[in-house]
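A closer look at the structure
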Amino acid sequence: MSGTGTQTVRTLVPMDVAGRAERVRAAAAEAGCDALVVVNLVNVRYLTGFTGSAGLAWLGTDELVLITDRRYAEQSEAETSRAGVDVRIEITNLAPKEILAAAAVGVDRIGLEAASVSWADQRQYAEWFGEAELVPTTGVVEQCRQIKDDGEIDRMATAAAIADGALAEVRPMLADGPTEKETALALDTAFRRLGADGSAFATIVASGPNAALPHKRPSDRPIGPGELVIVDMGAVVDGYRSDMTRTMAVGEPDPEARRVFETVRHAQQLGVEKVAPGTPISEVDKACRDRIDADGWADAFVHGTGHGVGLDIHEQPWVRATATEPLEVGQVITVEPGVYLPGFCGARVEDTVLVTEDGARRLTHSPKTLAVA
Ligand code: ZN
Ligand code: ZN
């Protein structure tokens, strides 16, 4: 590692972007498709390395085509070659009708990402693809994205370490009574200064009664002594995100608020301890929920226990009671139980963890104590 100014320049472990097309092809075949039109831009990025804001990919049986417009001619070349991906790039400022129709000659079943294709688009594809059967697919690429390679894990671990560093800087500042907005801004600035590309999502800082609203936007409310304050934050490094929540307090909170926090902290620990390959995902949810239920706050835990993280802040798999599928090595999930008592207080504790052969490996390491200094 070498430093330029205060920003650290890091060398990241390479990702296997080139190997993704083959895995997605297999998943598409399993979904009954001979080819897949990928329009979700995060999925396009995953397959090709291209990060532009417009474009789509055609994944045929023996070719990968990236179609974008002239604004991205140079960038698409540079990014896909840097990723080492074997892709044909087509640049057009018109509808990609001819390019797609030519690629689709002789293809029987073409998958369309049902969650990303509008009704209007679907009608257009039906016209362009003529005789081929259109197959609505869900989660074909997303399912492949669940298992992270070493390069992806390195980016997420780096993002998580930056968020840990940012919180370590900002935490003692809470004693000065900043507003929620000022606190969020200090974190967002620290992410960038510490080398992140930005914030993984809009940073949440919610204090006192605001902490009872799980996704409260930061307000002009100053953080007062004895209040629980929930800070939910993450950084982005090369497209990959981290996600962490800590609950803190300036001075000692009300005994009931302290009890809420201790319950949530313990529930979160029990949830993380459940993480192991082969364990049904629902068991992680149950471990958290049972602990909170035991203290009588079952109805105050108003959201799912967690979610996958990667190129998206919320992605597969979902950590909830209905997720009976087993955890797999290489998945990265959050464990984030919370208790919210309207008008009074709230607490949430969240880590991003990697599923390994030996159980959970935490990527987020900030201390889980209320104290700010
Ligand atoms: Zn979060
Ligand atoms: Zn989360």
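Residues numbered from 1 in each chain as written. Chains lettered and ligands numbered in written order. Predicted model: local features only at pLDDT ≥ 70, side-chain atom pairs only at ≥ 80, totals over all residues. Heavy atoms only, no water.

**A short note on the sheet that holds strand β4 (residues 56-59)**
- Overall, mixed pairing links the six strands, which are arranged β6-β5-β4-β3-β7-β8 in an open sheet. Of all strands in the sheet, those bounded by a partner on one side alone are β6 (88-91) and β8 (133-137). Here the average twist between neighbouring strands, direction ignored, is 20°.
- With four bridges joining them, β4 and strand β5 (residues 64-68) adopt antiparallel strand pairing. Its bridge partner being in β5, Leu-56 is matched across the sheet by Ile-67.
- Of the strands in this sheet, β5 and β6 are in contact with helix α3 (residues 73-82), which crosses β6 at around 170°.
- Of the strands in this sheet, β3 (35-38), β4, β7 (109-113) and β8 are in contact with helix α5 (residues 119-128), which crosses β8 at around 150°. (Pairing = 2+ DSSP bridges. Helix = DSSP H or I, 4+ residues; strand = E, 2+ residues; numbered from the N terminus. Axes fitted to C-alpha atoms, helices over the stretch in contact; angles between N-to-C directions. Contact = heavy atoms within 4.5 Å.)

**Digging into the nonpolar core**
- Core analysis: the biggest nonpolar cluster contains 40 residues, and Val-24, Leu-36, Val-38, Tyr-46, Leu-64 and Leu-363 have the highest contact counts within it.
- When contributions to this core are tallied by element, the ones reaching two or more residues are α1 (20-30), β3, α2 (41-48), β4, β5, α6 (140-145) and α7 (150-170).
- Sequence-distant contacts of Leu-363, defined by excluding residues within four places in its chain, comprise Met-156, Ala-157, Ala-160, Asp-164, Val-332, Thr-352, Val-353 and Leu-354.
- Ala-300, Val-335, Leu-341 and Cys-345 belong to the second largest nonpolar core, which has 29 residues in total. (Core = buried A, V, L, I, M, F, W, Y, C linked by side-chain atoms within 4.5 Å. Buried < 20%, exposed > 50% of the residue type's maximum accessible area, 1.4 Å probe, protein only.)

**Let's talk about the pairing of β6**
- The pairing of β5 with β6 spans four bridges and is classified as parallel. Looking at the pairing, Leu-66 lines up with Ile-89 of β6.

**Considerations on the coordination of the zinc ion (ligand 2)**
- Coordination of the zinc ion (ligand 2) by the protein is provided by Asp-243 (OD), His-307 (NE2), Glu-336 (OE) and Glu-350 (OE), with metal-donor distances spanning 2.0 to 2.1 Å.
- Each of the four donor atoms bound to the zinc ion (ligand 2) contributes to angles spanning 78 to 151°, and the resulting shape is irregular.
- In this structure, the zinc ion (ligand 2) lies 3.1 Å away from the zinc ion (ligand 1), the two metals sharing Asp-243 as a donor. A residue pair is termed long-range when its members are at least 10 positions apart, and Asp-243 in the loop between β13 (240-241) and β14 (244-249) and His-307 in strand β15 (residues 306-308) qualify at 64 residues. (Donors = N, O, S within 2.8 Å, 3.2 Å for Na, K, Ca; no water. Tetrahedral: all angles 85-135°; square planar, octahedral: opposite > 155°, others 65-115°.)

**Observations concerning the coordination of the zinc ion (ligand 1)**
- Listed as protein donors to the zinc ion (ligand 1) are Asp-232 (OD), Asp-232 (OD), Asp-243 (OD) and Glu-350 (OE); their distances from the metal cover 2.0 to 2.7 Å.
- Mapped onto the sequence, the donors of the zinc ion (ligand 1) take the spacing D-x10-D-x106-E.

**Notes on the packing of helix α9 (residues 255-274) against helix α10 (residues 281-294)**
- Between α9 and α10, whose axes approach to 8 Å, the crossing angle comes to 155°. In this view, α9 runs roughly antiparallel relative to α10, as classed from their interaxial angle. Between α9 and α10 lies a crossing of right-handed hand. Residues Thr-263, His-266, Ala-267, Gln-268, Leu-270, Gly-271 and Lys-274 of α9 pack against Glu-283, Val-284, Ala-287, Cys-288, Arg-291 and Ile-292 of α10.
- Split by residue class, the contact of α9 with α10 holds six nonpolar, four polar and three charged. (Parallel < 35°, antiparallel > 145°, perpendicular 65-115°, else oblique. Left-handed = near helix turned anticlockwise from the far one by under 90°. Nonpolar A, V, L, I, M, F, W, Y, C, P; charged D, E, K, R; others polar.)

**A closer look at the pattern of salt bridges**
- Inspection of the entire model under this criterion finds 27 salt bridges.
- Of the charged contacts, one joins Glu-90 and Arg-88 as a salt bridge, the two residues approaching to 2.4 Å between their closest N and O atoms.
- For Glu-90, a relative accessible area of 23% translates into the label partly exposed.
- Here the salt bridges share partners, and the residues they tie into one network are Arg-145, Lys-148, Asp-312 and Glu-315. (Salt bridge = Lys/Arg side-chain N within 4 Å of Asp/Glu carboxyl O.)

**So, the confidence of the model for the chain**
- Here the chain averages 96 in pLDDT, and 98% of its residues register 70 or above.
- Every residue in residues 1-5 scores below 50 in pLDDT, and together they form six contacts with partners more than four places removed in sequence or on other chains. (pLDDT = per-residue confidence, 0-100.)

**A short note on the state of the cysteines**
- A complete count under the given rule lists zero disulfides for this structure.
- Free cysteine Cys-288: the closest other cysteine sulfur is in Cys-345, separated by 18 Å.
- For Cys-288, a relative accessible area of 0% gives the class buried. (Disulfide = S-S within 2.5 Å.)

**Comments concerning the packing of aromatic side chains**
- A full pass over the atoms with the stated rule returns four aromatic pairs.
- Where Trp-58 meets Phe-129, the ring centres are 5.9 Å apart and the plane angle is 45°; that geometry is what we call tilted. Here the residue Trp-58 occupies a position in strand β4, and Phe-129 occupies one in the loop between α5 and β8, the gap between them amounting to 71 residues. Take Trp-58 and Phe-129: they sit in the same class, and that class is buried.
- Residues Tyr-125 and Trp-128 carry aromatic rings whose centres are separated by 5.5 Å and whose planes lie at 85° to one another, so their mutual orientation is edge-to-face. A residue pair is termed a helical-turn pair when its members lie 3 or 4 positions apart in one helix, as Tyr-125 and Trp-128 do in helix α5 at three residues.
- Overall, the relative accessible area of 11% leaves Trp-128 in the buried class.
- Three or more aromatic residues link up through ring pairs in this structure, and these residues are Trp-58, Tyr-125, Trp-128 and Phe-129. (Phe/Tyr/Trp six-rings, centres within 6.5 Å; stacked < 30°, edge-to-face > 60°.)

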